[in-house]
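What the coordinates show
Here's the letter readout for the chains.
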Amino acid sequence: MAVLSASVAALTLASAAFAASPATNGPDLTLTPAPAQATMGQGTFALTARTRIFVAKGDVEARVVAGQLSDMLLKARGLKPAVVEGAPPAGEAAIVLARGATSSDKAEAYALSVAPTGVTVTAAKRAGLFYGAVSVWQLAVQDAAKGPAQLPAVAIDDAPRFAWRGFMLDSARHFQSVDTIKAILDAMAAHKLNVLHWHLVDDQGWRLEIRKYPKLTSEGAWRVPAGAAGRDPKTGKPIRYQGFYTQDQVRDLVAYAAARGITIVPEIEMPGHALAPLVAYPQFGMTKTPPRESMGDWGVFPYLYKPSDETFGFLNDVLDEVMDLFPSPYIHVGGDEAVKDQWKASPEVQAQIQALGVKDEHGLQSWFIQRAEKHINARGRRMIGWDEILEGGLAPNATVMSWRGVEGAVAAASQGHDAVLAPDSTLYMDRRQSASADEPPGRIKIVSLKDVYDFDAAPAALTEAQRAHILGLQATAFTEHMRTDERLETMTFPRLIAVAENGWTPEARRDWKSFSDRLPAETARLDVLGVAHDTVPYEPQATLRPADGGRVSVALASGLGLGEIRYTLDGKAPTKASGLYETALAVAPGKTVRARTFLGDDALGRIRDYPVSLLAANTRNSHQLELCGDGINLSLEDDAPLNGPRAVFAVNLMNACWVWKGADLSSPLTLTARIGQVPFNFQIGADKAKIPLRAPATPEGELEVRIDGCGGQRIAAIPLGAAARGPGLATVAGVLPKQGGVHDLCLTFTARTVEPTLVLDQVTLTPTKTKT
Ligand code: ACM
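Residues numbered from 1 in each chain as written. Predicted model: local features only at pLDDT ≥ 70, side-chain atom pairs only at ≥ 80, totals over all residues. Heavy atoms only, no water.

Some thoughts on the environment of Leu473
- Here Leu473 is to be found in strand β22 (residues 470-477).
- Through-space distance from the C-alpha of Leu473 to that of Leu31 is 20 Å; in sequence the pair is 442 residues apart.
- Setting aside its immediate chain neighbours within four residues, Leu473 contacts Phe162, Trp164, Arg165, Gly166, Val420, Leu421, Leu427, Phe455, Val499, Asn502 and Gly503. (Helix = DSSP H or I, 4+ residues; strand = E, 2+ residues; numbered from the N terminus. Contact = heavy atoms within 4.5 Å.)

Encoded structure:
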């Protein structure tokens, strides 16, 4: 920590005082990340069309930052303050970007004073000036309105908690436009995030132009998506999914990021996650013909680089071009999930293990990574890798990115190495943000905004000295299930904002209530920044169930449980004055429940409309059913249709099985199921043989229904017929005979193969009309 202990003590005391006397003057401070220290003042500063920004004569950096602030205010509020060199004339309420010492000596530190008479940002370094300007921008953008703004008077003394406040973008599984990446960089900068870790290479695609090896992109940058998504339905011809970034585009992005205080750390995976480069240049791999068709799969693949001098010639050439393009002090070499089977099976590699005197394949991976490190260090850069680089011995100067929990960071720090916290349990953005079926596809496990906010970046397992090795933290977006740029953004925001606060704000100043109270302002800022962001966890979700007297019980709850829910039944848009939702409503079929969440006076999220019917009350989609156990539990998108919206199924691919809790079988029920099929494009090695298959009795298989557990009595087997053939959704129906009483229903499919896997989309249970 570069902050002097005296100023840490001062900050601690000041924040205690601040917490004890919340702001009473003017609007509350909505800055996110919350500043290290802030004291509210009297009144407001009026930002108008006439406001000007002053910088010292000849201070080129300050002039550039002033121009950036002016551009940001133009985009947000339609005001473009003029940038002027010199001091403001007496009596002019202006914005001043000034050089001066701050109480922290970190380059990103700044002080900000906002008063009715003027705004002053003071910083020693350009980074501090920029973050001061970002804070001014945030104070001017607390809603989505255009035109003049009132900035609350405040005195701020601010510096980051951590040096590494990052976001990892996977452009290999799905490819994003340069404009999207710039929008993400803008949103990162607006929240004082400073590292974009760019995952440019994986089994599914190589996304970076390398001049010396053109086939990396001409061959390695395209694949055919699995299933129906990879075939033209008219011609049956394969559809290629492709894309890569040219070196000119990369230079442009690196400069764009740098102007916003962001370092782009490139990642070139080795020795595994390497199918795409090996399809292009098989001579550097362990098999002569790596399967191009597998590039449409997800999972952990067996294809490794050959640990040979030729391979290092190639990798060093690649790293040289990478280091020419990216000035980042850190170069990421991956190192994760390199399944060692190919090295185990090769007599040549086994002989090499003997000759090198390393213990085993882990030792060989360590030797491999150390060779890469030597090359990177020789150019004055530092190597970082995923926590598997600890296995077999850490390279001498390596930094560890801890993704399998924080244990990798603990191990690295206890060996005196630096580490970045990126645990998949909390900081992976491919997990859903709430249980709603309206969330974008992703992993079923929920990591809510609050879970991310509550992440503890100071693990108790570390001593104070070891904690000094924690460079910071980062959110990670692996994009297997983020087919569009909009989905990537929706999965990333607002959770990345919670990471920003976790990375910047002193632990003593972090507070979920304060953070969540700022979400209406944050929502407006994300809108202004033009990045998609998830509002579903704020919004009322309805659970409809049949109730007495032909009515329907409508229970409302939001994923995050913030604020209060207001609703109407008369078709009008709910307002702050509408009925307060307290307990489940009994609603007559035909009405629509319209509901919205309010936090204080602000609406949070969209109005949600729930048309009420007995059919809806008797229907559950796959996300409202229970999955059978933990395996590969996904909210998985259908592979059809090629264009237009696709269904999203909740499924455990290791045991495709769903439970309807509490079906009343005191009389017979008709079960109607909408079903789909998904390609099993998952590389899971030997685990594939563990997936249970139930033998079909009819050619296309059946939907089987059991009661009281999935090993319980089978009460129906509904033949699927043509409905099983796909692509797309189809409906089947059958009768569940009377059993007496209430039972849980276990729903499974029979099938000879997992390719494709049959999945449930939704199920309806209605009383069977019996002859009397
Ligand atoms: C990783 O998730 N394989 C780093």
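Still to come is the rest of the account.
Let's talk about the state of the cysteines
- What the rule picks out here adds up to two disulfides.
- Residue Cys628 pairs covalently with Cys657 via a disulfide, S to S 2.1 Å. Its S-S torsion of about -55° marks the bond between Cys628 and Cys657 as left-handed, since a negative value means left-handed. Note that Cys628 is positioned in the loop between β31 (626-627) and β32 (633-637) and Cys657 in strand β34 (residues 657-664), a separation of 29 residues in sequence. Taken as a pair, Cys628 and Cys657 share a single burial class, namely buried.
- The disulfide that involves Cys710 links it to Cys746, with 2.1 Å between the sulfurs. Judged by the sign of its S-S torsion, about 100°, the bond between Cys710 and Cys746 is right-handed. Separated by 36 residues along the polypeptide, Cys710 in the loop between β37 (702-707) and β38 (714-719) and Cys746 in strand β40 (residues 742-749) bring together distant segments of the chain.
- Look at Cys710 and you get partly exposed, because its relative accessible area is 26%.
- Note on Cys746: relative accessible area 3%, which makes it buried.
- Cysteine pairing for the chain, with bonded cysteines counted in sequence order: 1-2, 3-4. (Disulfide = S-S within 2.5 Å. Buried < 20%, exposed > 50% of the residue type's maximum accessible area, 1.4 Å probe, protein only.)

Here we look at the pattern of salt bridges
- Counted according to the given criterion, the structure contains 48 salt bridges.
- Glu507 serves as the salt-bridge partner of Arg161, at 3.1 Å between the closest nitrogen and oxygen. Taken together, the residues Arg161 in the loop between β7 (149-158) and β8 (164-170) and Glu507 in the loop between α17 (495-504) and α18 (512-517) connect sequence positions 346 residues apart.
- For Arg161, a relative accessible area of 12% puts it in the buried group.
- One salt bridge connects Asp570 with Lys572, and the closest N-O pair in it is separated by 3.9 Å. Of the two residues, Asp570 and Lys572, both sit in the exposed class. (Salt bridge = Lys/Arg side-chain N within 4 Å of Asp/Glu carboxyl O.)

So, helix α3 (residues 126-140)
- Under the 1.5 Å per step criterion, the end-to-end length of α3 is 21 Å for 15 residues, consistent within 8% with the ideal 21 Å.
- α3 sits mainly inside the fold: 13 of its 15 residues count as buried. (Expected span 1.5 Å × (residues − 1).)

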